[in-house]
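For reference, the chains in residue letters:
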Amino acid sequence: MTLTGSAPAKVILFGEHAVVYGFPAIALPLADLRAYAEYQSSDQPLSIMSEHKPPASSDPLAAMARQTLRFLGVGQARGRIQIRSDIPVASGLGSGAAVSAALGRTVARMLGRELANADLNALVYEIEKLHHGTPSGIDNSVVVYEKPVYFVKDRRLDFLDLATPLSLVVADSGDAALTRETVAHVRVLRAKQPERTNAILRQIGGIAECARSQLELGDSRQLGALMTRNHELLRALELSSPALDGLVEAAMSAGAYGAKLSGGGRGGNIIALVDARRSAKVRGALLRAGAARAFTSAIGEKAAKP
Ligand code: MEV
């Protein structure tokens with residue numbers, strides 16, 4: 001018998017880093033870019049294989065399987081689960097959360113069970129702590145529920161209805177960066193320059209709040225301007241890089257409504273909001289400007305069952 005669970009990648013549209021300090025942020029799922037966990041029955045004790053990580057660093061996977069089994073009241077299980085993921089690691093697209101969510105779903109399904117999203121979300125959040133130290137919880141939430149989310153730490157989840165689908169071009173700088181390290185950088189900056197740093201974080205939160213209404217109205221021009229402003233504020237927190245700034249500029253010159261880095265920063269991806277008719281032009285410009293990969297994602301259209 002084989003069966004599969006999956007979960008999508010995500011982008012942070014507004015508010016990364018500020019969300020760690022209680023300000024609002026908005027994240028979107030990328031339905032076409034996914035992590036999968038495929039189960040095959042066997043009479044051996046449960047093993048989890050991943051093409052991305054050597055066994056020595058696969059602890060978060062084992063921990064996710066263990067805690068899901070414990071949650072379901074099962075001591076031991078048999079079989080083999082293969083993790084496959086199309087999501088680049090250390091690139092701000094939520095690879096760790098997506099892999100954990102896919103794995104949790106598959107562990108439950110191999111036992112003939114289905115996890116409620118709220119339970120899976122809580123389980124994945126525990127594993128996010130192993131990856132990131134002090135995660136806000138936004139990545140696991142958007143990846144598990146697979147819906148646009150307006151997120152404030154420690155508050156009830158708030159899902160967003162987009163007035164119109166969004167066309168986003170996602171472009172990879174090709175530089176890996178660890179969220180744990182960029183989150184630590186902001187913590188240090190906040191300790192050294194509390195007033196300035198808190199003022200910037202507050203402004204980022206204000207942008208996310210404003211963007212919420214624009215998303216519900218479907219005003220892409222305003223949304224784009226807010227994204228570019230958000231990028232400037234992340235730059236002021238030293239979270240960008242010459243490569244990310246170059247990609248943002250290339251997207252804007254090719255006619256994007258707005259562009260910003262997305263996720264932890266200092267590497268990983270930028271996102272550009274575009275008119276769907278311009279997406280090929282913007283993608284081409286990003287590749288010419290040095291992006292390692294660039295693809296378009298239409299957000300707000302119906303997704304398949306995870
Ligand atoms: C990472 O996708 C988003 C950050 O705000 C960290 C977090 O919210 O846990 C940088």
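Residues numbered from 1 in each chain as written. Predicted model: local features only at pLDDT ≥ 70, side-chain atom pairs only at ≥ 80, totals over all residues. Heavy atoms only, no water.

**Description of unusual backbone geometry**
Stated formally: Numbering goes from the N terminus for both helices and strands, where a helix is a DSSP run of H or I of at least four residues and a strand is a run of E of at least two. Under the scheme applied here, a residue whose accessible area is under 20% of the maximum for its type counts as buried, over 50% as exposed, and between as partly exposed, the area being computed with a 1.4 Å probe on protein chains only.
One non-glycine residue, Ala 90, lies in positive phi territory at about 50°. If you trace the backbone, Ala 90 turns up in the loop between strand E4 (78-85) and helix H2 (95-110). With relative accessibility at 27%, the residue Ala 90 sits in the partly exposed group. Unlike most non-glycine residues, Arg 266 shows phi in positive territory, near 65°. The topology assignment puts Arg 266 in the loop between strand E8 (258-262) and strand E9 (269-274). Exposure remark for Arg 266: the relative accessible area of 35% places this residue in the partly exposed category.

**Here we look at the pattern of salt bridges**
Defined as follows: Basic side-chain nitrogens of Lys or Arg form a salt bridge, by our definition, when they fall within 4 Å of a carboxyl oxygen of Asp or Glu.
Throughout the structure, instances matching the rule amount to 11 salt bridges. Here Lys 10 ties to Asp 139 by a salt bridge, and the two come within 3.5 Å at their closest N and O atoms. With Lys 10 in strand E1 (residues 2-14) and Asp 139 in helix H4 (residues 138-145), the pair connects residues that are 129 residues apart, well separated along the chain. With respect to burial, Lys 10 and Asp 139 carry one shared label: buried. For the salt bridge of Asp 245 with Arg 235, the shortest nitrogen-to-oxygen distance reads 3.3 Å. Residue Asp 245 is found in helix H8 (residues 242-253), and its partner Arg 235 is found in helix H7 (residues 220-236); the two are separated by 10 residues along the sequence. Judged by its relative accessible area of 15%, Asp 245 falls in the buried class. Overlapping salt bridges bring together Asp 158, Arg 212 and Glu 216 as one network.

**Regarding the pairing of E1**
Formally: In this scheme, strands are said to pair when DSSP sees at least two bridges between them.
The element E1 is extensively covered by neighbouring structure, given that 11 of its 13 residues are classed as buried. Here 12 bridges tie E1 to strand E2 (residues 25-45), and the two strands are oriented antiparallel to one another. For Ile 12, the partnering residue across the bridge sits in E2 and is Ala 27.

**Concerning a positive patch on the surface**
So the rule is basically this: Each patch is assembled from residues with relative accessible area greater than 30% and no salt bridge, linking like charges that lie within 9 Å and nonpolar side chains (Val, Leu, Ile, Met, Phe, Trp, Tyr) that lie within 5 Å. Per-residue and other accessible areas were derived by the Shrake-Rupley procedure at a 1.4 Å probe size, with only the shown protein chains allowed to occlude residues. Positive charges are assigned to Lys and Arg, negative charges to Asp and Glu, while His and the chain termini are left out of the count. For this purpose, a charge sits on NZ of Lys, CZ of Arg, CG of Asp or CD of Glu.
Positive charge collects at one region of the surface, where Arg 221, Arg 278, Lys 281 and Arg 288 lie side by side. By the element assignment, Arg 221 lies in helix H7. The class of Arg 221 is exposed, set by a relative accessible area of 60%.

**Focus on H7**
The condition that has to hold: Helix span is expected to be 1.5 Å times the residue number reduced by one. Only heavy atoms matter for contacts: two residues are in contact if any of them lie within 4.5 Å across the pair. Polar contacts, as used here, are pairs of N or O atoms within 3.5 Å; protein pairs need one atom able to donate a hydrogen and one able to accept it. Residues neighboring in sequence count only if both atoms are side-chain atoms.
With 17 residues, H7 should reach 24 Å at 1.5 Å per residue; the first-to-last C-alpha distance of 24 Å fits that figure. For H7, every residue scored as buried is listed here: Ser 220, Leu 223, Gly 224, Leu 226, Met 227, Asn 230, His 231, Leu 233 and Leu 234. Its buried side turned inward, H7 meets E1, strand E7 (166-172), helix H6 (194-217), H8, E8 and E9. Its side-chain oxygen at 3.2 Å from the backbone nitrogen of Arg 221, Asp 219 defines the N-terminal cap of H7. Positive backbone phi, at 60°, marks Glu 238, one or two positions downstream of H7.

**Quick notes on the side chain of Arg 212**
Among the structural elements, Arg 212 can be located in helix H6. What Arg 212 contacts, discounting residues up to four positions off in sequence, is Ile 26, Tyr 150, Asp 158 and Leu 160.

**A closer look at the site of the ligand**
Just so we agree on the cut-off: Definition of nearness: a residue and a molecule or strand are near each other if at least one heavy atom of the residue lies within 4 Å of the molecule or strand.
Close to the ligand lie 13 residues; Lys 10, His 17, Val 19, Ser 136 and Asp 139 are nearest. The contact in question runs from an oxygen atom of the ligand to an N or O atom on the side chain of Lys 10, over 2.8 Å. One of the side-chain N or O atoms of Asp 139 is found 3.0 Å from an oxygen atom in the ligand. Across the complex, the protein chains shield 98% of the 300 Å² of accessible surface that the ligand would expose by itself.

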